[in-house]
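# Fold and geometry: a report
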Amino acid sequence: MNQYLSCFILLPLGGWLLSVLLPGRNEKMIFGVSVATVGLQLAALAILTGAWSMAQFPVLFFEGPVLYETHDSHFSIDFYFDRVTAVYGIVAAVLTLLVLIFSRYYMHRDRGYKRYFNNMMFFFAGLKIVLFAGNFETLFIGWEILGVTSFFLIAYYRDRYLPVKNALKVVSLYRVADVALLIGIWLMHHAFERNVNFADFLNGAVTDPNFTEHSVYPVLVPAIFLLAAVVKSAQFPLSSWLPRAMEGPTTSSAIFYGSLSVHIGVFLLLRTYPIWEASWVFKTVVVVIGLLTALTAGVTARVQSTVKTQIAYASVAQIGLMFVEVALGWHTLALVHFAANAFLRTYQLLVSPSVLSYLIHDQFFYFKKPALKNLHSFWNKIRASAYVLGIKEWNLDAFMRHFLWDPLKWAGNHLQFLNLRMLGFVFLPLVLCGFYFVYNRSLLPEPVLGYLPSAMAVLGTLMALKAFAERGSAYNALALVVMNQLFSALSIGLNAEFEYRQIHLFLSGIVVSALVGFYCLWRLDQWRASVQLDRFHGHSFYYPGLAFAFVLACLGLSGFPITPTFIGEDLLLGNIDEHQFFLLGFTALSLILDGLAVFRIYARLFLGPNLNGYHEVAYKSS
């Protein structure tokens, strides 16, 4: 049975590729391919689960193709199947099939019908990669796909302001989760001195003396994976992004933020449970986060005025309880809870437009003025305070803006000297000189080599900060992103001796993506379209092909698994020593800001209301 696990990845990927190639006007064929792909996957999964149960539920593991291998690194695509995969996989296939059937009529004659189904199929493929992943590297590929498809489906109504704005908010936090998972992989590599797969957890890998006897790994490794899970499942204090993600079509909201994508944090906790099951301190932290989320989200759900927001917070509250169940070791209960919550929230979101229409009609004809209550009693004061906090969503959105994003923008806005002239005449020669010394390390004295990597990482972070805050020329912002990647590669290249093909692997995708990105900007200039980042221009209205090419370039620059940069990013991080937390911190911040900057450049150039105001546009929320 092991050798058949790869089919559950290849089938949805093949269905997605076929749906991309189909003509956009043929709704029946696009729908047929999508439903057939998911239906076949569900049937195959049912057969596998039946055979697996008859064999007394063995854990299945299959090592797939090796993408890159050195004496200390082994990057392979592995697959894994256990009861967690079975439950998540069956629920995912059933709900995706139901939502696709519902979407055939819900999205009928919509201008973006093909784009919607392509994104849904790509999401399904990414979800299956996560669920069947046999190691953290494979899981990270699917994790990235989930984040990108979330951005595209939240911003599905790309000619409106709020969907695009909220898509940027969501992908900003998703980028934090992506980098947290990447750092977790780096920590695991150093903790076990090899690439670890999930089957190793069954063979006592977590009892490795290098891991258990170290003072940092048993604390830091679970903490970084918990951060990724908290972000992905919208747990306290990062819960406020979930209702903002409801700007997309109701059907995609149902499958993403009601049932499947939002539960991936619970899945990650289940996968990593052997790492932290012996730590009662960490279990207590997970329980506290879950209970706080259940309390705050439960109160918020009861007082919100929009039905999607009510359902979103109700789902978050239940996921908080799942965090508690996982921490206490009640994994079977957590899986049952997941399945029940996923089906319920999907149903609620799909019928929410009809229910809302009925309630408005009922309120119009049968409205009753609420009775006045005595607010002077202690209990009523508590209730009123909870009501106000729930209405304001506990000010979590403002908290993140003031303490997370605004300081980064403030710092970037104070780096006005980083312009194209400065990049071309000062920093580009510095980078070229630095790469010369990467290949000739013996020319530099050891004391200088000790400080250069951190200095290069700081310079790269400054470039990323300016690119993140840039609201002038898109040329300048894109050049800053590329320069940040070059400085990041330079900092690690000067840090330690390693195989040069690793840095070539990393830079190959960066160089190609940069050339494509600058070509797209040049074409916009030739067509007299604005390339300033002072507002959303909506150029995809006139130049959809150019928008597609530019977003591919942006994904390549951010390390999305479509170029060798994805593998090179993981390999280069592996060359940071376990004690170099300063270098790691600035490299991680650069990766976060780099991803945010490219998404902002793309969104401001190609999404939002078109610059020509005579087009019919709905400005407000969908």
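Thresholds, definitions, all that
Residues numbered from 1 in each chain as written. Predicted model: local features only at pLDDT ≥ 70, side-chain atom pairs only at ≥ 80, totals over all residues. Heavy atoms only, no water. Helix = DSSP H or I, 4+ residues; strand = E, 2+ residues; numbered from the N terminus. Rg over C-alpha atoms; globule rule 2.2 N^0.38 Å. Buried < 20%, exposed > 50% of the residue type's maximum accessible area, 1.4 Å probe, protein only. Contact = heavy atoms within 4.5 Å. Areas by Shrake-Rupley, 256 points an atom, 1.4 Å probe, with all protein chains shown as cover. Lys, Arg positive; Asp, Glu negative; His and termini not counted. Charge placed at Lys NZ, Arg CZ, Asp CG, Glu CD. Axes fitted to C-alpha atoms, helices over the stretch in contact; angles between N-to-C directions. Parallel < 35°, antiparallel > 145°, perpendicular 65-115°, else oblique. Left-handed = near helix turned anticlockwise from the far one by under 90°. Nonpolar A, V, L, I, M, F, W, Y, C, P; charged D, E, K, R; others polar. Core = buried A, V, L, I, M, F, W, Y, C linked by side-chain atoms within 4.5 Å. Expected span 1.5 Å × (residues − 1). Polar contact = N/O pair within 3.5 Å; in protein donor to acceptor, adjacent residues only side chain to side chain. Phe/Tyr/Trp six-rings, centres within 6.5 Å; stacked < 30°, edge-to-face > 60°. Lys NZ or Arg CZ within 6 Å of the ring centre and 35° of its normal. Salt bridge = Lys/Arg side-chain N within 4 Å of Asp/Glu carboxyl O. Patch = residues over 30% accessible without salt bridge, like charges linked within 9 Å, V, L, I, M, F, W, Y side chains within 5 Å. Pairing = 2+ DSSP bridges.

### Quick word on the overall build of the chain
Counting secondary structure elements, the chain contains 24 helices and two strands. Taking 25 Å as the expected radius of gyration for a compact globule of 622 residues, we find that the chain reaches 25 Å, a close match to that expectation. Counting only C-alpha atoms and orienting by the principal axes, one finds that the chain spans roughly 85 × 65 × 60 Å. Here the chain holds 622 residues, and 57% of them are scored as buried. Partitioning the contacts of the chain with sequence separation of at least 6, the portion at a separation of at least 24 is 80%. Accessible area for the chain stands at about 26200 Å²; split by element, carbon and sulfur atoms hold 66% of it. Here the chain contributes 41 positive and 34 negative side-chain charges, whose respective centroids are spaced 17 Å apart.

### A few points about the packing of helix α9 (residues 217-232) against helix α13 (residues 280-303)
Running from N to C, α9 and α13 cross one another at 15°; their axes reach a closest spacing of 11 Å. Judged on the interaxial angle alone, α13 and α9 are roughly parallel. Remark: the crossing between α9 and α13 carries right-handed chirality. Between α9 and α13, the residues in contact are Pro222, Ala223, Leu226 and Val230 and Phe282, Val285, Val286 and Ile289, respectively. In terms of residue class, the contact of α9 with α13 is built from eight nonpolar, no polar and no charged.

### Thoughts on the nonpolar core
Grouped burial of nonpolar side chains is what soluble globular proteins tend to show. Counting residues in hydrophobic clusters, the biggest one holds 216 residues, and the most contacted among them are Phe550, Tyr602 and Leu605. At 20 residues, the largest contribution of residues to this core is made by helix α6 (residues 161-192). In contact with Leu605, other than residues within four places in its own chain, are Ala474, Leu521, Leu524, Ser530, Val531, Gln532, Leu533, His537, Gly538, His539 and Phe550.

### Observations regarding helix α4 (residues 113-132)
The first and last C-alpha atoms of α4 sit 29 Å apart over 20 residues, in line with the 28 Å expected at 1.5 Å per residue. For α4, the tally of buried residues reaches 19 of 20 residues, placing the bulk of the element in the interior.

### A short note on the side chain of Lys466
Within the element layout of this structure, Lys466 appears in helix α19 (residues 446-469). Residue Lys466 is classed as buried on the basis of its relative accessible area, which comes to 4%. In terms of polar contacts, Lys466 uses its side chain to reach the side chain of Gln416, at 3.3 Å.

### A short note on the side chain of Ser240
Within the secondary structure, Ser240 sits in the loop between α9 and α10 (241-244). Polar side-chain contacts of Ser240 include one of 3.5 Å to the side chain of Asp397. In this structure Ser240 touches Tyr313, Glu393, Leu396, Asp397 and Met400, once residues within four positions along its chain are discounted.

### Section: the packing of aromatic side chains
The full count for this structure, using the stated rule, is 42 aromatic pairs. One aromatic cluster in this structure is built from Phe31, Tyr113, Tyr116, Phe117, Tyr156 and Tyr157. Above the face of the Tyr157 ring, Arg160 is positioned so that its terminal group lies 4.4 Å from the ring centre.

### Section: the pattern of salt bridges
Per the stated rule, a full pass over the model turns up six salt bridges. The shortest N-O distance in the salt bridge between Asp397 and Lys169 comes to 3.4 Å. Taken together, the positions of Asp397 in helix α17 (residues 396-413) and Lys169 in helix α6 put the pair 228 residues apart, joining distant regions of the chain. Classification of Lys169 by relative accessible area gives partly exposed; the value is 35%. Among the salt bridges present, the one from Asp397 reaches Arg244, with a minimum N-O distance of 3.8 Å. Here Asp397 is found in helix α17, whereas its partner Arg244 is found in helix α10, with 153 residues between them in sequence. In terms of burial, Asp397 and Arg244 fall into one category: buried. If you follow the salt bridges from partner to partner, you end up with Lys169, Arg244, Glu393 and Asp397 in one network.

### Observations concerning a nonpolar patch on the surface
The grouping of Leu328, Trp330 and Leu333 at the surface amounts to a nonpolar patch, some 310 Å² of accessible area in total. When you line up the elements, Leu328 lands in the loop between α14 (307-327) and α15 (331-366). Residue Leu328 is classed as partly exposed on the basis of its relative accessible area of 41%.

### Brief notes about the environment of Val288
Mapped onto the elements of the fold, Val288 is located in helix α13. Sequence separation between Val288 and Leu515 is 227 residues; the distance between their C-alpha atoms is 48 Å.

### Notes on the packing of α4 against helix α12 (residues 264-276)
Across the interface, α4 lies against α12 with an axial gap of 11 Å and an inter-helix angle of 20°. Taken together, the axis directions place α4 and α12 in an arrangement best described as roughly parallel. Seen along the crossing, α4 lies across α12 with a hand that is left-handed. Each of Leu127, Val130 and Leu131 in α4 lies in contact with α12, whose residues at this interface are Ile264, Phe267 and Arg271. Per-class residue counts for the contact of α4 with α12 are five nonpolar, no polar and one charged.

### Re the pairing of strand β2 (residues 74-81)
For β2, a buried count of seven out of eight residues is recorded, marking the element as mostly surrounded by other parts of the structure. Pairing of strand β1 (residues 60-69) with β2 involves seven bridges; the strand directions are antiparallel. The partner of Tyr68 across the bridge, within β2, is Phe75.

### With respect to the environment of Tyr273
Looking at the secondary structure, you find Tyr273 in helix α12. As a C-alpha pair, Tyr273 and Gln310 span 37 residues in sequence and 31 Å in three-dimensional space. In this view, Tyr273 contacts Lys283, Val326, Ala327, Gly329 and His331; residues no more than four positions away in its chain are not counted. A distance of 3.3 Å separates a polar atom in the side chain of Tyr273 from a polar atom in the side chain of Lys283.

### Regarding unusual backbone geometry
When glycine is set aside, most residues are seen to have a negative phi, and most peptide bonds are trans. Cis geometry marks the peptide bond from Phe236 to Pro237; its omega dihedral reads 5°. Among the structural elements, Pro237 can be located in the loop between α9 and α10. Not every positive phi belongs to a glycine, and Arg109 is a case in point at roughly 65°. By secondary structure assignment, the location of Arg109 is in the loop between α3 (83-106) and α4. Taking relative accessible area as the criterion, Arg109 reaches 73% and is therefore assigned exposed.

Read these as spatial facts, not as claims about activity.
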